[in-house]
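# Reading the structure
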Amino acid sequence: MADRNGAAIHTDEVSRHYTMGTALIRAVDEVTLEVRAGEFLALLGSSGSGKSTLLNLMAGLDRPTSGAILAFGHDLAGMSSQELARHRGRTVGMVFQAFNLLPRMTLAENVELPLRLAEVERSERAGRVREALERVGLDARLTHRPGELSGGEQQRAALARALVNRPKILLADEPTGNLDSHTGDEILQLLGEINTSFGMTIVMVTHERALAERFAHRIALLADGKLVKDPEREGQR
Amino acid sequence: MKALDLAELAARNLREALLRNTLTTLGIAVGVASLVATLSLGVGLQELASRRLARSGLFDTVYVTSRQNFRGLGGAARRLDPNPEQSRPLDEPARQQIEHLANVVEVYPEIRFTTEVSYAGRKQLATVAGVPPSARSSDAFEGLQGGFFSGPEAEEAILQVDFARELISQPAALIGQTLLLRYAERGPVETPKGSRSVSGGLNVDDFGLGFSVIPREKSLHIVGILETDPGIAPGGFGRGRMFIPLQLAQRLKPVQVTELRDLMRASLSSTTPIYSSLTVHVSSAKQVQAVEDAVKQMGFLAFSLLDATRSLQRFFAILDVFLGIFGSLALAVASLGIINTLVMAILERRREIGILKALGAGDRDVRQLFFAEAGAMGLAGGALGVALGWSIGRVINFGTNLYLHRQNLPRENIWSVPWWLVAGAIGFAVLVSLAAGIYPASRAARLDPVQALRYE
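Now for a quick tour of the structure. (Residues numbered from 1 in each chain as written. Chains lettered and ligands numbered in written order. Predicted model: local features only at pLDDT ≥ 70, side-chain atom pairs only at ≥ 80, totals over all residues.)

Moving on to the overall build of chain B. Scanning chain B from N- to C-terminus turns up 14 helices and 11 strands. Of all 456 residues assigned to chain B, the portion counted as buried reaches 39%. The long-range share in chain B, meaning contacts at least 24 apart out of those at least 6 apart in sequence, stands at 84%. (Helix = DSSP H or I, 4+ residues; strand = E, 2+ residues; numbered from the N terminus. Buried ≥ 20, exposed ≤ 12 C-beta atoms within 10 Å, placed from the backbone. Contact = placed C-beta atoms within 7 Å.)

In sheet architecture, strand pairing relies on hydrogen bonds along the backbone and comes in two forms, parallel and antiparallel. All names here are of chain B. Taken in spatial order, the 4 strands of this open sheet run S2-S10-S1-S11, and their pairing is antiparallel. Where the open sheet ends on each side, the last strands, each with one partner, are strand S2 (104-109) and strand S11 (300-304). Taken over all neighbouring pairs, the strand axes of this sheet differ in orientation by 25 degrees on average, direction set aside. Sheet topology places strand S1 (residues 61-66) next to strand S10 (residues 277-282); 5 bridges connect them, and they run antiparallel. (Pairing = 2+ DSSP bridges. Axes fitted to C-alpha atoms, helices over the stretch in contact; angles between N-to-C directions.)

Turning to helix H2 (residues 81-91) of chain A, a few remarks are in order. Burial in H2 of chain A covers these residues: Leu-84, Ala-85, His-87, Arg-88, Gly-89 and Thr-91 of chain A. On its buried side, H2 of chain A packs onto helix H1 (51-59), strand S4 (66-71), strand S6 (92-95), helix H3 (107-117) and strand S7 (169-173) of chain A together with helix H11 (350-358) of chain B.

The next thing to look at is the sheet that holds strand S5 (residues 74-75) of chain A. All names here are of chain A. One open sheet holds the 4 strands; their spatial order is S2-S1-S4-S5, and the pairing between them is antiparallel. Of all strands in the sheet, those bounded by a partner on one side alone are strand S2 (23-36) and S5. Sheet topology note: the strand S1 (residues 7-20)/S2 ladder contains 10 bridges and is antiparallel. In the strand pairing of S2, Ile-9 is matched with Val-35. Of the strands in this sheet, S1, S2 and S4 touch H1, which is tilted by about 60 degrees from S2.

All names here are of chain A. The N-to-C vectors of helix H5 (residues 151-163) and helix H6 (residues 181-198) enclose an angle of 20 degrees; their axes lie 9 Å apart at closest approach. Judged on the interaxial angle alone, H6 and H5 are roughly parallel. Crossing of H5 against H6: the hand is right-handed. Each of Gly-151, Gly-152, Gln-155, Arg-156, Leu-159 and Leu-163 in H5 lies in contact with H6, whose residues at this interface are Thr-183, Glu-186, Ile-187, Leu-190 and Ile-194. (Parallel < 35°, antiparallel > 145°, perpendicular 65-115°, else oblique. Left-handed = near helix turned anticlockwise from the far one by under 90°.)

A few words on the pairing of S7 of chain A. All names here are of chain A. Along S7, 5 of the 5 residues are buried, which leaves the element largely enclosed by surrounding structure. Side chains Ile-169, Leu-171 and Asp-173 project from S7 onto one buried face, and the interleaved Leu-170 and Ala-172 project onto a second face that is buried too. Direction of pairing for S6 relative to S7: parallel, over a ladder of 4 bridges. In the sheet register, Val-92 faces S7, and the bridge partner there is Ile-169. Across 5 bridges, S7 lies against strand S8 (residues 201-206) in parallel orientation. By the bridge assignment, Leu-170 is partnered in S8 with Ile-202. On the question of chirality, the crossover connecting S7 to the parallel S8 by way of H6 is right-handed. (Right-handed = clockwise from strand over helix to strand, strands pointing away.)

Looking now at the interface of chain A and chain B. Counting residues at the interface gives 19 residues for chain A, matched by 18 residues for chain B. Elements with a contribution of two residues or more to the side of chain A that touches chain B: H2 and H3 of chain A. Here the residues of the side of chain A that touches chain B are counted per class, giving 8 nonpolar, 5 polar and 6 charged. (Nonpolar A, V, L, I, M, F, W, Y, C, P; charged D, E, K, R; others polar.)

Attention shifts here to unusual backbone geometry. Look at Glu-30 of chain A: it is not a glycine, yet its phi comes out positive at around 50 degrees. Structurally, Glu-30 of chain A can be placed in strand S2. Non-glycine residue Asn-103 of chain B carries a positive phi angle of around 70 degrees. Mapped onto the elements, Asn-103 of chain B comes out in the loop between helix H4 (92-99) and S2.

Before going further, it helps to spend a moment on the pairing of strand S6 (residues 156-160) of chain B. Residues and elements named next belong to chain B. Across the 5 residues of S6, 5 count as buried, placing the element largely inside the fold. Every second residue of S6 is oriented toward a common face, with Glu-156, Ile-158 and Gln-160 on one face and Ala-157 and Leu-159 on the other, all of them buried. As paired strands, S6 and strand S8 (residues 211-226) are joined by 5 bridges and run parallel to one another. Bridged to Glu-156 within S8 is His-221.

Residue and element names in this part refer to chain A. Helix length check: helix H4 (residues 122-135) (14 residues) gives 21 Å between terminal C-alpha atoms against 20 Å at 1.5 Å per residue, within 8%. In this fold, the buried residues of H4 make contact with H3 and H5. Gly-137 sits one or two positions beyond H4 and adopts a positive phi of about 75 degrees. (Expected span 1.5 Å × (residues − 1).)

Encoded structure:
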């Protein structure tokens, strides 16, 4: 099951339920979805539709209540917390709406962080950091701190951090949510380039249909935790 | 995560909340300082006691007497002894034999006799003790005014201050003066021929009726006045009111009190001197037992204060434990500070922990990071605390010496910080800090990354 028909990610009736007091919240409810290797998929949905929860499950940040999530054939649900950490550090890279850069570190230090966690040799790190920042056009800002950068630059730095460990999958959670439309466009163009140039699988969570339609190969729609529209599955029917 | 990366990240995190972490570290430092200060005083006192005892010569000394001293009187008893070697006399050949034992530094006899001392027309009875040259470095002669004997056979005397006061109101004025010693010299005597049995069927020959007494006078130059009473150890120089060089005492051949007892033995009829006891100085306290055993093998009675040393070591070990416990109390309080600081850090860095986990940090990495921070605070606090404790110890030592000086007492070093205390205190601080970090570290490691990333 190295990849199910070339799937980078396959979710099989995956659910994530929470209890809040006596109420059961079905954040993700029996979602079956397949993301092919090299595909740019947009998960579209309104707020609370469960798209970020599904992304977190794919990232290995959260565990499903039921169902299976396969990343290149490996079931995340059966992994130990250490194996999940390795999956987060090496197989996937993440970009967040809030950038999530560490404010007291320089850009170079922020981008170096995943390399430290993956125990990459020190001698190799500086080159990899510079390469990642060059790719997003920030190689001149190595020593700047996040607070000295614009929102777009911060998101690009976050993208460089997500790419520095050369992951196979990039998971982006509302990457343009905190940016103006022009800067958002730039970021998505960058994601598109990365997808095209490196054949990197990208799963992007967004609520902006227009952007998703412009840049993603496929749009899957979630509502109330359920996958309500997936062209792939419709095609299979 | 590799150790160096862990250390770098921990150091960076500690720098971020500099004031709080510094205060926590200072708390540890105060705890370690109290531990080091109390233990350094305990160790210092122990070393002082050991030093004193070593210099007193009590604990590296074996006291030897003849078995004859503890048997019945006369040759009859000797005849009954199944093993004649077991009751050999403590004579010069025996002294030399003991002197040749391994680790024996010096063997000298106890010579103590009563005499009349005359100075400026005033006469006093005094006990005179022979003192070996090695006594110069002994604690017994520490408070000596004037000087020690100029040579092993110098015709000089040192007076105990109370005795000196009986001769003159200002004892110091005696130094450089001459006094006259009147004593009884022991001389040989012919055994009366044709003597008959005196009692119990024993012959006069068995008693070896002993020695003649010749009145003698000797002028001695007073070189020193001893302020203190030089010990009361068996075989030591105690119980003497006046001291003369041992070789001079041997040359004078004075009649000793113990010789009245030995008078009843044949031994005094021999030409070689018989000693009532010998003092054997051993190279170190560790060798005392071996020498004591060897002397017993030679057929003499041997006695040392080794057991007393062991009791003393036990006492100081217990004292150190108590001091350590009291000193550690402050460190225990400081460990609560570490827990508080790290728990606060978890709250403040909740989002950061989430980011680290999203970037590939495992629970173990997060736990190790918090441990590293706790350990670093412990290490810094430990090092600072040792320096602080060292300073406190020095101040106490200085204050004590100031007090001793004002009391006209000699300076003493009552404080000591050996390397094991430095290493132990720092190690203990790190250990306590790591223990304090267990709860915060596991709490941080268990944080749900999704929740942590949502935290504002």
